[in-house]
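Coordinate inspection notes
One letter stands for each residue in the lines below.
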There are 2 protein chains.
Amino acid sequence: MSRAAKIEDVASRAGVSVATVSRALRGLPHVSAATREKVLRAAEELDYRPNPHAARLAAGRSGTVGVAVPVLNSWFYANVLAGVEAVLAEEALDMHVIVVDGPDATERFIAGLPALSKRVDGLVLCDLFMPDQLWEDLAGGPVPVATVGVDTGLFDSVTIDNVAAAEAAVGHLLDLGHTRIGLIGAGPDGATDNESAALRRRGTIAALGRRGLDLPADLDVAGSFSVAGGREAMLELIGRGAPTAVFCISDEMAIGAMWAAEEAGLRVPEDLAVVGFDDQPVAEAVGLTTVRQPVSIMAARAAHLVLARLDGDDGPVQRHVMPTLLQKRKSTDFRHLTPVHAHS
Amino acid sequence: MSRAAKIEDVASRAGVSVATVSRALRGLPHVSAATREKVLRAAEELDYRPNPHAARLAAGRSGTVGVAVPVLNSWFYANVLAGVEAVLAEEALDMHVIVVDGPDATERFIAGLPALSKRVDGLVLCDLFMPDQLWEDLAGGPVPVATVGVDTGLFDSVTIDNVAAAEAAVGHLLDLGHTRIGLIGAGPDGATDNESAALRRRGTIAALGRRGLDLPADLDVAGSFSVAGGREAMLELIGRGAPTAVFCISDEMAIGAMWAAEEAGLRVPEDLAVVGFDDQPVAEAVGLTTVRQPVSIMAARAAHLVLARLDGDDGPVQRHVMPTLLQKRKSTDFRHLTPVHAHS
DNA sequence: CTGAAAGCGCTTACAG
DNA sequence: CTGAAAGCGCTTACAG
């Protein structure tokens, strides 16, 4: 437990210069096999660990990628982090997590961007919403960025076709004969503002429109992206005269809606069909029809995109649109009429 | 977008030395109000942002706290991160996330500890299991540590009384008249090894023992901490002749167990009572009786404990045991016999 | 209260 | 292939 070895100690022990130690340890070329061997042995013997701050200062690189998410404790963003982390761990890069929840935090994030760009080499920004001007400023800056869930056209992005996915979901309900279809979304009226929410709402309206229907104001509610948010929105809907089907823009919300239905004595799917969004594991367990999206894969791809930029890739902006899949389950299945999950 | 200002630029613009700029900007004493004012203005005008790597190298502090968790994409650990992050954000500290999943990753974590201690000022270790010798080595090291979910006696810790919590859960089932009670746990036979799992198993056995019952081998199964893990374990239990009640050591597992029961045509709670652990929001929605534990609060407290150590607190090791609460819901409620959540 | 100077521990041209 | 030296941008005694 003596004082930690520094590069100089390794150098003198190996009988070479610190420059050579630096090269040898990082696997750079122009080091003879014999010298490299000597250096590695010396480093090993001294249990040498380079000081990352010194290395970062000298090299001008931080070995770190930042990931910004609106919240940490949701299934979606937890999987985003997991996807990014897995990729970074492979490359021995650090992950710097930034929580940007709401307008104030966005202000702070923006104000801190110049400082941030000194401590990360790249950035994965997830569901972050800023004025166009700021995106352009960012694009003018030095750090490569990939966005997930939002496509600015300025950066590599990984998204899904939210409009199409919502159309499929609502189309499914229409195919089943529903005409009074509610939407539990998010946005200005709900809690978190969110581009995906807006697009899924658009898809809902498009699907209805194709059948000559509209989305009446009393069936168009918004809540927070949570079980409680979905429950409250559904109770609101029920208070206004329940629809026969509801499309919720997240699984948590859908599960909250199912809960509210139960409280109101409505059976799912007989009295109320429910569709969610995400397909988290719990969705399958409770028989929730939902739109599957490959969350951690999307995040991993975003991470790879910024790594490629760090490796010098200067090709055109890549805008990846990942596939989604409507998973049909019991929450919309009229043929299956025996009670399931009767945990009452 | 000219080259970023450095401290020297601020110094010359303010007409003072860099030492004074450094002091003024960090709010240190021994700077006259007038000088501080000048410096702040100059920094503002130049949009100066200190280079964190330089500051960390010079100061020997990293401004970062590391958090190690076994996985990222579970409700429990997502809330751990959220709890820690909230505390660190207040103090303007960075969070360094480390995923330590399984034995290999633990090896790597241990091997990387000397390097890690250079890049974090403190560490929150969550559900990490290492040989005693390594804990002692860690305790001899320079970085303050707080553990959550495990109590080594060597570091500040935040835990719950897992044994008592499990006893309460199983005691509840016993009070309801159940005698054939299964346990869905984790451990050597299941996937993730976990001290909490072992303690909850012990509590289960204690509760049964108090009534003169034991835990027969065929009712003692283990799975991974997931919906799928719970489902598989329950199917196994059903194959062996289902118990009338089951205690699952996580909510995800309990929801998986309910799913399996449904698949097998068993009603919850009439044919099978189910108790979970955690009380995540979905648990309430599906009417799951479960043990509530204050996850993000525990994590936040752990973060505060390491921050206090960083502030020089050298008092005795603090071992916090947080309260838990058995939330009784429909999944164990025999009186409530109308089907709920009949999303079939 | 303020400044000159050393030092933090690396990396990187530049020579050789 | 290897080394001497400058430099990365701060902080911190030490003087004054």
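Residues numbered from 1 in each chain as written. Chains lettered and ligands numbered in written order. Predicted model: local features only at pLDDT ≥ 70, side-chain atom pairs only at ≥ 80, totals over all residues. Heavy atoms only, no water.

Looking at the protein's contact with DNA strand C
The cut-off we apply is this: In these notes, residues near a molecule or strand are those with any non-hydrogen atom within 4 Å of it. Nitrogen and oxygen atoms within 3.5 Å of one another constitute a polar contact, given that in protein one can donate a hydrogen and the other can accept it, and given that sequence-neighbouring residues count only through two side-chain atoms.
Surveying the vicinity of DNA strand C reveals 26 residues, the closest of which are A:Lys6, A:Ile7, A:Ser22, B:Arg23 and B:Thr35. Close to the protein, within 4 Å, the atoms of DNA strand C belong to sugar or phosphate groups at a rate of 73%. Within the backbone of A:Ala54, an N or O atom sits 3.4 Å from a base nitrogen of DNA strand C. A:Arg61 is positioned such that a nitrogen or oxygen atom in its side chain is 3.0 Å from a phosphate oxygen of DNA strand C.

Remarks on the protein's contact with DNA strand D
Our working definition: Every helix listed is a DSSP run of H or I at least four residues long, and every strand listed is a run of E at least two residues long, numbered separately from the N terminus.
Close to DNA strand D lie 26 residues, the nearest being A:Arg23, A:Thr35, B:Lys6, B:Ile7 and B:Ser22. Backbone atoms, meaning sugar and phosphate, make up 73% of the atoms of DNA strand D lying within 4 Å of the protein. A distance of 2.3 Å separates a phosphate oxygen of DNA strand D from a polar side-chain atom of A:Thr35. At 3.0 Å from a phosphate oxygen of DNA strand D is found a side-chain nitrogen or oxygen belonging to B:Arg61. Of all the secondary structure elements, the ones that give two or more residues to the surface near DNA strand D are α2 (18–25) and α4 (52–59) of chain A together with α2 (18–25) and α4 (52–59) of chain B. It is α4(B) that provides the largest number of residues to the surface near DNA strand D, a total of four residues.

Here we look at unusual backbone geometry
Residues and elements named next belong to chain A. Rules: Each residue's exposure class comes from its accessible area (1.4 Å probe, protein chains only) as a fraction of the maximum for that residue type: buried when under 20%, exposed when over 50%, partly exposed otherwise.
The omega angle of the peptide bond from Val 268 to Pro 269 is 10°, so this bond is cis rather than trans. Structurally, the position occupied by Pro 269 is in the loop between α11 (251–263) and β9 (273–278). Despite not being glycine, His 30 has its phi angle at roughly 65°, a positive value. Inspection of the secondary structure puts His 30 in the loop between α2 and α3 (33–46). A residue is classified by how much of its surface remains accessible, and His 30, at 77% relative accessible area, is exposed. Of note, the phi angle at Asp 127 is positive, near 50°, even though the residue is not glycine.

Any functional reading would require information that these geometric values do not contain.
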